[in-house]
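Listed here are the chains, written in short residue letters.
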Number of protein chains: 2
Amino acid sequence: MRSKFITLTLLLVGSLSAMAQQALFSSAAVKSPEINPDNSVTFRLYAPKAVTVELTGDFLPEKTPVVKMTEDSAGVWSFTSDILEPELYSYCFFVNGMRYLDPSNIYQNRDVATWTSIFIIKGDKGSKGDLYSVNDVPHGNLAKVWYESPALKLNRRMTVYTPAGYEKGKNYPVLYLLHGAGGDENAWSELGRASQILDNLIATGKAKPMIVVMTNGNPNCAAAPGEWDFGMYQPSFRGGVRLPQAAASMDESFMDVVNFIEKNYKVAKNKQNRAICGLSMGGGHSFAISKRFPDKFDYIGLFSAAVGIGGDMKIPTIERMKADAEFNKQMEALFVKNQPKLYWIAIGETDFLYQNNKDYRDYLDSMGYKYEYVETSGGHIWRNWRIYLSDFAQMIFK
Amino acid sequence: MRSKFITLTLLLVGSLSAMAQQALFSSAAVKSPEINPDNSVTFRLYAPKAVTVELTGDFLPEKTPVVKMTEDSAGVWSFTSDILEPELYSYCFFVNGMRYLDPSNIYQNRDVATWTSIFIIKGDKGSKGDLYSVNDVPHGNLAKVWYESPALKLNRRMTVYTPAGYEKGKNYPVLYLLHGAGGDENAWSELGRASQILDNLIATGKAKPMIVVMTNGNPNCAAAPGEWDFGMYQPSFRGGVRLPQAAASMDESFMDVVNFIEKNYKVAKNKQNRAICGLSMGGGHSFAISKRFPDKFDYIGLFSAAVGIGGDMKIPTIERMKADAEFNKQMEALFVKNQPKLYWIAIGETDFLYQNNKDYRDYLDSMGYKYEYVETSGGHIWRNWRIYLSDFAQMIFK
């Protein structure tokens, strides 16, 4: 039967190329990106009528973020990068100045309202590129799960990773993994490669098998854009879409998430088996949730966190913190009474929230509150957040 | 706390727009597509340096599948469509002849190696556009689930829809929903809007709450491109990627899927509670699986099916079928001994597999085997397959 179906499939293929909607289909004749044996990468675009074709990508030096591509006699423009370190990279073309994704590459990520072409330099076992790749290891499942949030008066969606072998296990610890402003419950599994990182760390024994809960951190939204009944709106940092008002804040409503998970999954329901971390706004949420519920989480991670209290951002964080009695009471409950096993702060040296985080660390230091601190190169970027998740996941539940 | 976080978020937003990787971000200043009150649609693209900008979309007449857009003095090109029927539509631009997705629209679907911008005209309650939209109804969960296939010697991935309220229910019926050539386990949930269709039909009582299992119909692949350890290859109808050989065929291996589902989900394990259907190659699989296992499925759906037996496609289907003793024995076991409650064949009048299906119906007629037949307008397109799923889902398990 098998060979017969192959014949039929070939027939189908021939016919599909002649189908009515052919105009909708592209014909990408070139190979791009091509990862060369030395881990340089060649990008190609067939654009015979173009006047200029340029490339930008996060592998290019900061001083020359846009490079010109060169046209050959067949109308194929190309550029070969330097040798690249193992990593997940993003790029796009500019054709006559217009931003253009690589039509020869189906792999792309959306960040807020922007799609970008991506590729991975895999590298050796254990490298970052390897950690972000789908490898021949047992895989956890990834589910889009709806739950009731009484506090937000919404039926909402979250993304839940259950580790390989979950059916047979019990008493799993749970990591609550929160996204940043402009993101949603898809951000960590897509841009953050959370499934791949967890699969690979668990398979090599570097992380404990755990459930990872990726909530939606926008309390006025039920789910990612287009995935709830608000319709297919264009997300934006700059407003433009008039979304509903939230019934409560992220930290006020967060126990709805924890309660749902602890009711419906095979988890250990105690502080030692709960971790919370997040990036940027989600780091701010982790900060706020952990002090609002000081006896709930033993592992707290702030990745490039927006650590905010008080409305007036012109007053330095530390002064606002020192002056806020309620804040100091919460912090004492967390750090003195409950003493989390790990309070981990990570940020890049060029992050625009660097000073905000330094102020916060100064406050923690002045109070003698225990935390660990990691400073990396780079700024407010997913490349750092993938590293922070990879590191944090290896430190928790141990 | 809430107002404080809003302030912080605004600060964040301001800073993000100045972030280092800004060159990777687009600035889509125009609204596109804009669905007008009369359900005409205006498309816009900011392209001040372009010489020509055209639009193609599956809402345009077959005779004029590509239309010119008009530039205003600000460099914004636009086109307004006729009034459109409620439906999910696909489109893209051509800028100076190069295919270009709409940068103002984050919503897009991938079909094999091609991304296309999409939008929905929602229309009235119960219309197709409404059926394909996320509405304010209880939602089922959608999970990417890994399972062992002993027949294929692979750990493989499938997509599983569990209806709203699944935690509380039991003995659910199961629909096995199969994709076409070039597709994968993501095809029905993305291009096919399966979650939305099922959510909406179940919420209005038009379909029974059911589990929907969307397998990967390529027995040589563990999962969709980029989602297994073969790496981030470019899928293609024309070859190019040398994928591994399969250890068995789709129909030979299919009981691995059924066994996994019946072991791990709360399902009724009998013929009356199993349905199988698929599009194109997946229709061929449904045909092949249902006759290989004639006592397993009470509901069988062939959507634009590639109904193939015998290697030589030059010989008409009916002649090959009449001459094949093994085939006739299987068909007798299915139609005479087991008598499925519904054997449903649907195809579009311009589908390239129309004659193949007609031959097959002639065979069924000549044998007196009972089936139902629906003929629609149009060809081998997702628009038809969404309709067929919507119709088939309302006829099963009743």
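Before reading further, recall that the structure is shown in the block above.
A brief report on the enclosed structure follows. Worth saying up front: this structure is predicted, and the values here are computed from it rather than measured. (Residues numbered from 1 in each chain as written. Chains lettered and ligands numbered in written order. Predicted model: local features only at pLDDT ≥ 70, side-chain atom pairs only at ≥ 80, totals over all residues. Heavy atoms only, no water.)

**Quick word on the environment of Tyr172(A)**
Residue and element names in this part refer to chain A. What counts, and what does not: Strands are runs of DSSP state E lasting at least 2 residues, helices are runs of H or I lasting at least 4, and numbering of each runs from the N terminus. We call two residues in contact when some of their heavy atoms are within 4.5 Å. A 3.5 Å cut-off defines polar contacts: any pair of N or O atoms within that distance qualifies, except that in protein one atom must be a possible hydrogen donor and the other a possible acceptor, and neighbouring residues in sequence count only when both atoms are side-chain atoms.
With respect to the secondary-structure elements, Tyr 172 resides in the loop between strand S12 (154-162) and strand S13 (174-178). Counting along the chain gives 197 residues from Tyr 172 to Tyr 369, while the straight-line C-alpha distance between them is 29 Å. If sequence neighbours within four positions are ignored, Tyr 172 has contacts with Pro 163, Gly 165, Tyr 166, Pro 209, Met 210, Ile 211, Lys 266, Val 267 and Ala 268. A distance of 3.4 Å separates the side chain of Tyr 172 from the backbone oxygen of Gly 165, its partner in a polar contact.

**Looking at the sheet that holds strand S2 (residues 41-46) of chain A**
Rules: Pairing between two strands requires that DSSP report at least two bridges joining them.
On the basis of which strands lie adjacent, the open sheet formed by 4 strands has the order S1-S2-S6-S5 (chain A) and antiparallel pairing. Two strands bound the open sheet, and with one partner strand each, they are strand S1 (34-35) and strand S5 (70-71) of chain A.

**Focus: the side chain of Ser290(B)**
Residues and elements named next belong to chain B. The condition that has to hold: Relative accessibility decides the category of a residue: with a 1.4 Å probe and only protein chains considered, values under 20% of the type maximum give buried, values over 50% give exposed, and everything between is partly exposed.
Relative to the helices and strands, Ser 290 resides in helix H6 (residues 281-292). Looking at Ser 290, the relative accessible area reads 1%, which means it is buried. A distance of 2.8 Å separates a polar side-chain atom of Ser 290 from the backbone oxygen of Ser 286. A distance of 3.1 Å separates the side chain of Ser 290 from the backbone oxygen of Phe 287, its partner in a polar contact. Sequence-distant contacts of Ser 290, that is, excluding residues within four places in its chain, are made with Ile 300, Leu 334 and Tyr 343.

**What about the sheet that holds strand S5 (residues 70-71) of chain B?**
Residue and element names in this part refer to chain B. One open sheet accounts for 4 strands, arranged S1-S2-S6-S5; its pairing is antiparallel. In this open sheet, the two edge strands, each paired with only one partner strand, are strand S1 (34-35) and S5. Across 2 bridges, S1 lies against strand S2 (residues 41-46) in antiparallel orientation. The residue of S2 that forms the bridge with Ile 35 is Val 41.

**A look at helix H10 (residues 382-395) of chain A**
An α-helical segment advances 3.6 residues per turn. Residues three or four places apart therefore align on the same side. All names here are of chain A. Going by this rule: For a helix, the expected span equals 1.5 Å multiplied by the residue count minus one.
Over its 14 residues, H10 runs 20 Å from end to end, which matches the ideal 20 Å to within 8%, given 1.5 Å per residue. In terms of burial, H10 is largely enclosed, as 10 of its 14 residues are buried. Looking only at H10, the buried set comprises Trp 382, Asn 384, Trp 385, Arg 386, Ile 387, Tyr 388, Leu 389, Ser 390, Phe 392 and Ala 393.

**Some thoughts on the pairing of strand S13 (residues 174-178) of chain B**
Within a regular strand, side chains alternate between the sheet's two faces. All names here are of chain B. The buried fraction of S13 amounts to 5 of the 5 residues, a majority that puts the element mostly inside the structure. Neither face of S13 is open: one carries Val 174, Tyr 176 and Leu 178, the other Leu 175 and Leu 177, and all of them are buried. Note that S13 and strand S15 (residues 274-279) share 5 bridges and pair parallel. Paired with Leu 178 across the two strands is Gly 278, which belongs to S15.

**What about the packing of H6(B) against helix H8 (residues 325-338) of chain B?**
Between two packed helices, both the angle of their axes relative to each other and the distance between the axes serve to describe the pair. Residue and element names in this part refer to chain B. Spelled out, the test is: Orientation is described by axes fitted as lines to C-alpha atoms, over the contacting stretch for helices, and by angles from 0 to 180 degrees between their N-to-C directions. Any angle between 65 and 115 degrees counts as roughly perpendicular, while under 35 counts as roughly parallel, over 145 as roughly antiparallel, and the rest as oblique. Note that Gly is not counted as nonpolar here; it falls among the polar residues with everything else outside the nonpolar set of Ala, Val, Leu, Ile, Met, Phe, Trp, Tyr, Cys and Pro and the charged set of Asp, Glu, Lys and Arg.
Contact pair H6 / H8: the axes reach a minimum separation of 8 Å and the direction vectors enclose 80°. When the axes of H6 and H8 are compared, the pair comes out roughly perpendicular. Of the residues in H8, those in contact with Phe 287, Ser 290, Lys 291 and Arg 292 of H6 are Phe 327, Gln 330, Met 331 and Leu 334. A per-class count over the contact of H6 with H8 returns 4 nonpolar, 2 polar and 2 charged.

**Examining the packing of aromatic side chains**
All names here are of chain A. Our working rule: Within 6.5 Å between ring centres, the rings of Phe, Tyr and Trp (the latter by its six-membered ring) count as paired, and their orientation is classed by plane angle as stacked under 30 degrees, edge-to-face over 60, tilted in between.
Inspection of the entire model under this criterion finds 66 aromatic pairs over all chains. With a centroid separation of 5.3 Å and 80° between ring planes, the pair formed by Phe 230 and Tyr 233 is classed as edge-to-face. On the basis of relative accessible area, Tyr 233 is assigned to the buried category, the value being 10%. A ring pair is formed by Tyr 299 and Phe 397, whose centres lie 5.4 Å apart and whose planes are at 75°; its orientation type is edge-to-face. With Tyr 299 in strand S16 (residues 299-303) and Phe 397 in the segment after H10, the pair connects residues that are 98 residues apart, well separated along the chain. You can call Phe 397 buried: its relative accessible area is 8%. Within the aromatic cluster, the residues linked to one another by ring pairs are Trp 188, Phe 303, Trp 344, Trp 382, Trp 385, Tyr 388 and Phe 392.

**Some details on the environment of Ser149(A)**
Residues and elements named next belong to chain A. Turning to its location among the elements, Ser 149 is positioned in strand S11 (residues 141-149). For the pair Ser 149 and Asn 259, spaced 110 residues apart in the sequence, the C-alpha separation amounts to 9.7 Å. When residues no more than four places from it in sequence are discounted, the contact partners of Ser 149 are Leu 154, Arg 156, Ser 253 and Asp 256.

**Focus: the packing of H8(B) against helix H9 (residues 354-367) of chain B**
All names here are of chain B. Keep this limit in mind: Handedness of a crossing follows from how the near helix is turned relative to the far one, being left-handed for an anticlockwise turn of less than a right angle and right-handed for a clockwise one.
The contact between H8 and H9 brings their axes to 12 Å, and the two run at 65°. With respect to H9, the element H8 is oriented roughly perpendicular. As for the relative orientation of H8 and H9, their crossing is right-handed in sense. Of the residues in H9, those in contact with Phe 327, Asn 328, Met 331 and Phe 335 of H8 are Tyr 360, Tyr 363, Leu 364 and Met 367. Of the residues assigned to the contact of H8 with H9, the class counts are 7 nonpolar, 1 polar and no charged.

**Points about unusual backbone geometry**
A cis geometry characterises the amide bond from Ser32(A) onward to Pro33(A), with omega recorded as -10°. One non-glycine residue, Asn96(A), lies in positive phi territory at about 50°. Structurally, Asn96(A) can be placed in the loop between strand S7 (87-95) and strand S8 (98-100). The phi torsion at Val112(B) lies on the positive side, around 55°, for a residue other than glycine.

**Describing the pattern of salt bridges**
Under the convention used in this document: For salt bridges, the criterion is a side-chain nitrogen of Lys or Arg within 4 Å of an Asp or Glu carboxyl oxygen.
Scanning the entire structure with this criterion turns up 22 salt bridges over all chains. A salt bridge links Glu252(A) to Arg292(A), with the shortest nitrogen-to-oxygen separation between them at 3.9 Å. Of this pair, Glu252(A) sits in helix H5 (residues 250-264) while Arg292(A) sits in helix H6 (residues 281-292), and the two are 40 residues apart along the sequence. Classification of Glu252(A) by relative accessible area gives partly exposed; the value is 35%. The closest approach of N and O atoms between Glu34(B) and Arg44(B), which form a salt bridge, is 2.9 Å.

**A closer look at empty space enclosed by the protein**
Just so we agree on the cut-off: The rule is simple: put a 1 Å grid over the protein atoms alone, call a set of points where a 1.4 Å probe fits but cannot get out a cavity, call an open set with protein on both sides within 12 Å along at least five of seven lines a pocket, and count a residue as lining if it has an atom within 4 Å of a point. Grid points are joined across faces, edges and corners, and a volume is the space filled by probe spheres set on the points.
A full pass over the atoms with the stated rule returns 2 cavities of 30 Å³ or more. Taken as a whole, the largest cavity encloses approximately 400 Å³ of empty space. What lines the largest cavity is a set of 25 residues, among which Tyr100(A), Leu101(A), Tyr100(B), Leu101(B) and Gln108(B) lie closest to the centre. Put simply, the parts of the chain that give the lining of the largest cavity at least two residues each are S8 and strand S10 (114-121) of chain A together with strand S8 (98-100) and strand S10 (114-121) of chain B. Partitioned by chemical class, the residues of the lining of the largest cavity number 12 nonpolar, 9 polar and 4 charged. The computed volume of the second largest cavity comes to approximately 120 Å³. Taken together, Lys49(A), Ala50(A), Val95(A), Asn96(A), Met98(A), Tyr100(A), Lys49(B), Ala50(B), Val95(B), Asn96(B), Met98(B) and Tyr100(B) make up the full set of residues lining the second largest cavity. Of all the elements in the fold, those that place two or more residues in the lining of the second largest cavity are S8 of chain A together with S8 of chain B. Here the residues of the lining of the second largest cavity are counted per class, giving 8 nonpolar, 2 polar and 2 charged.

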